[in-house]
Amino acid sequence: MKTQYRILIVDDEENVRQMLTTAFSLSGHQTLSAENGLDALQQFRDMQPDVVLMDIRMPHLNGLDALHQMHRLNPKIPVVLMTAWAGVETAVEALRNGAFDYVIKPFDLDELHMVINRALQLQAMKEEIRELHQALSDSWQWGHILTHTPCMMAICRDTAKIALSNANVLISGESGTGKELIARAIHYHSRRANGPFIKINCAALPDSLLESELFGHEKGAFTGAQVQRQGLFERAHLGTLLLDEIGEMPLNLQVKLLRVLQEREFERVGGSQTIKVDIRILAATNRNLADQVAQGLFREDLFYRLNVIHLEVPPLRQRAGDVVLLANHFVQKFASENQRDIIEIDPQALAYLNAWSWPGNVRELANVMERAVIMSTGAVIFPEDLPPQFQHLPATQPGTEEPGPVEGSLKEAVKRYEKQLLLNALARNDANRTHTALELGISRRALMYKLQEYAIE
Ligand SMILES: Nc1ncnc2c1ncn2[C@@H]1O[C@H](COP(=O)(O)OP(=O)(O)OP(=O)(O)O)[C@@H](O)[C@H]1O
Ligand SMILES: [Mg+2]
């Protein structure tokens, strides 16, 4: 928090202005002063003070009217009013209209300092919270769902539209495909972005606990319920609740969930009071819910309620272009987390990554790249930095010849192959380094490093 502030002092009595100016200047603050509401408004607009200290009764626009207009110009700047005893009622009324506080004349300077400090602290705190929210929603920009592939881009586009509605969304897809990332993107781009985003994994808790976790419970509802507790439906009020692994939810809770979805109301476990909430529900699953409905494991009515909008996130192996993009993204991320210089991925290693089927999808890729960053010793990730199972893959790159029979150690064979790849790519691109690097999916810097390593002119 800053320690020096710009304080606008507004009073029609010159001696009051002077006394306050001196007091606040002595405490190291910058002061501005105005002798009526009109003058105050002008300075408020031009000088953007951090806080306003203003008399109520003044000629040419009184304090209340000035407060009203200041609030419209910038509601973030706190206004403290000054009043004589006779005006206390008016001052209280002003609190309702957005004044931060009031002090009664004649006032004690210490008290005034305290009120001003409180206003400034609150302001700084609000600003910090705003910045945090901003940072949080920035980090869930669509840009953070990295993708090159048309099917994922379509999902991102849909997600942007869906975010603005209040509809329930079912997000399905294999484990690690980015379902939670999409759920967060929906929340942080919705009108609920400043409300809570709460996630619960329905598979992680036994049935009875899941119920009280979701609905809360009253004191004494069951053995061990020593105090009343709010459930997640209540805590997510004005925000979004993500029910992860919804396919694992037991049938008896599915009935109760259906009611929340339909009526937005419920009772705590052991309670009779009906609680109303304003929440948006997102559900994620790596199962095929329609199949589960057919097998009688999932309620059909609940399925339709949740499935108002369905997003099916494709597995990574069906998003060919994304492996290289995400691999590079994770390398940069883990390199900076490990205080390592930017690390590039060797084309052979990239070819191996492309050939893998990624059963664990993006999460698996992130883990493999974190390991690779840790295992690599230089500025480049080589095939030997990948887990052993990757190095037995038939890694071919489109448009390149098959490697010849492997002689000598794997490392030597890989180097020979890599050198040939580089020569071929250079030839195809008329020795243009930038185009060659682009084709190989590495940076120009990494290419120059390779050319030097293989003594290619
Ligand atoms: N397109 C993407 N761009 C960047 N990071 C991604 C992308 N997709 C997934 N990730 C990252 O991969 C990890 C797994 O994603 P997430 O937790 O959203 O998957 P999930 O589908 O919910 O998995 P599970 O079914 O196991 O819960 C997270 O760290 C996420 O940030
Ligand atoms: Mg998840």
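Draft legend 1. Just the packing of helix 17 (residues 433-440) against helix 18 (residues 444-453), in detail. Two elements in contact, helix 17 and helix 18, have axes separated by 9 Å at closest approach and are oriented at 100°. When the axis of helix 17 is compared with that of helix 18, the two are roughly perpendicular. Between helix 17 and helix 18, the residues in contact are R433, T434, T436, A437 and L440 and R444, L447, M448 and L451, respectively. For the contact of helix 17 with helix 18, a count of residues per class yields 5 nonpolar, 2 polar and 2 charged.

Draft legend 2. Focus on the environment of A379. Assignment of secondary structure puts A379 in the loop between helix 15 (361-375) and strand 16 (380-381). Separated by 174 residues in the primary sequence, A379 and L205 have C-alpha atoms spaced 44 Å apart.

Draft legend 3. Region of the structure containing the sheet that holds strand 3 (residues 51-55). Ordered by their spatial adjacency, 5 strands build an open sheet running 2-1-3-4-5, and the pairing between neighbours is parallel. Edge positions in the open sheet fall to strand 2 (30-34) and strand 5 (101-104), since each of these has one partner strand only. Along the sheet, successive strands turn relative to each other by an average axial angle of 20°, direction set aside. With respect to the sheet, helix 2 (residues 37-47) is in contact with strand 1 (6-10), strand 2 and strand 3, its orientation differing from that of strand 2 by roughly 145°. Sitting on the sheet, helix 4 (residues 88-96) touches strand 4 (79-83) and strand 5, and the angle it makes with strand 5 is about 165°.

Draft legend 4. Structural detail: the layout of surface pockets. For the largest pocket, the calculated volume is near 760 Å³. In terms of lining, the largest pocket is formed by 30 residues, of which the most central are G176, G178, L181, V362 and R363. Among the elements of the structure, helix 7 (179-188), strand 7 (197-201), strand 13 (280-285), helix 13 (320-337) and helix 15 are those that each provide at least two residues to the lining of the largest pocket. In the lining of the largest pocket, the residues fall into 11 nonpolar, 11 polar and 8 charged.

Draft legend 5. Region of interest: the environment of I200. One can find I200 in strand 7. The class for I200 is buried, based on a relative accessible area of 5%. Those residues in contact with I200 that sit more than four places away from it in its chain are L205, L210, E213, L214, L232, L241, L242, L243 and D244.

Draft legend 6. Focus on the pairing of strand 3. Counting buried residues along strand 3, 5 of its 5 residues qualify, which places the element largely inside the surrounding structure. Along strand 3, one buried face is formed by V51, L53 and D55 and the opposite face, lined by V52 and M54, is buried too. Relative to strand 3, strand 1 runs parallel, the two sharing 4 bridges. Its bridge partner lying in strand 3, V10 is registered against M54.

Draft legend 7. Focus on the packing of helix 13 against helix 14 (residues 347-355). At a closest axis distance of 9 Å, the pairing of helix 13 and helix 14 adopts a crossing angle of 130°. Classed by the angle they form, the pair helix 13 and helix 14 counts as oblique. Crossing hand, helix 13 versus helix 14: right-handed. Contact residues: A320, V323, V324 and A327 in helix 13; L350, L353 and N354 in helix 14. In terms of residue class, the contact of helix 13 with helix 14 is built from 6 nonpolar, 1 polar and no charged.

About the cut-offs
Residues numbered from 1 in each chain as written. Chains lettered and ligands numbered in written order. Predicted model: local features only at pLDDT ≥ 70, side-chain atom pairs only at ≥ 80, totals over all residues. Heavy atoms only, no water. Axes fitted to C-alpha atoms, helices over the stretch in contact; angles between N-to-C directions. Helix = DSSP H or I, 4+ residues; strand = E, 2+ residues; numbered from the N terminus. Parallel < 35°, antiparallel > 145°, perpendicular 65-115°, else oblique. Contact = heavy atoms within 4.5 Å. Nonpolar A, V, L, I, M, F, W, Y, C, P; charged D, E, K, R; others polar. Pairing = 2+ DSSP bridges. 1 Å grid on protein atoms, 1.4 Å probe; cavity = no way out; pocket = protein on both sides within 12 Å on 5 of 7 lines; lining within 4 Å. Points joined across faces, edges and corners; volume = space filled by probe spheres on them. Buried < 20%, exposed > 50% of the residue type's maximum accessible area, 1.4 Å probe, protein only. Left-handed = near helix turned anticlockwise from the far one by under 90°.

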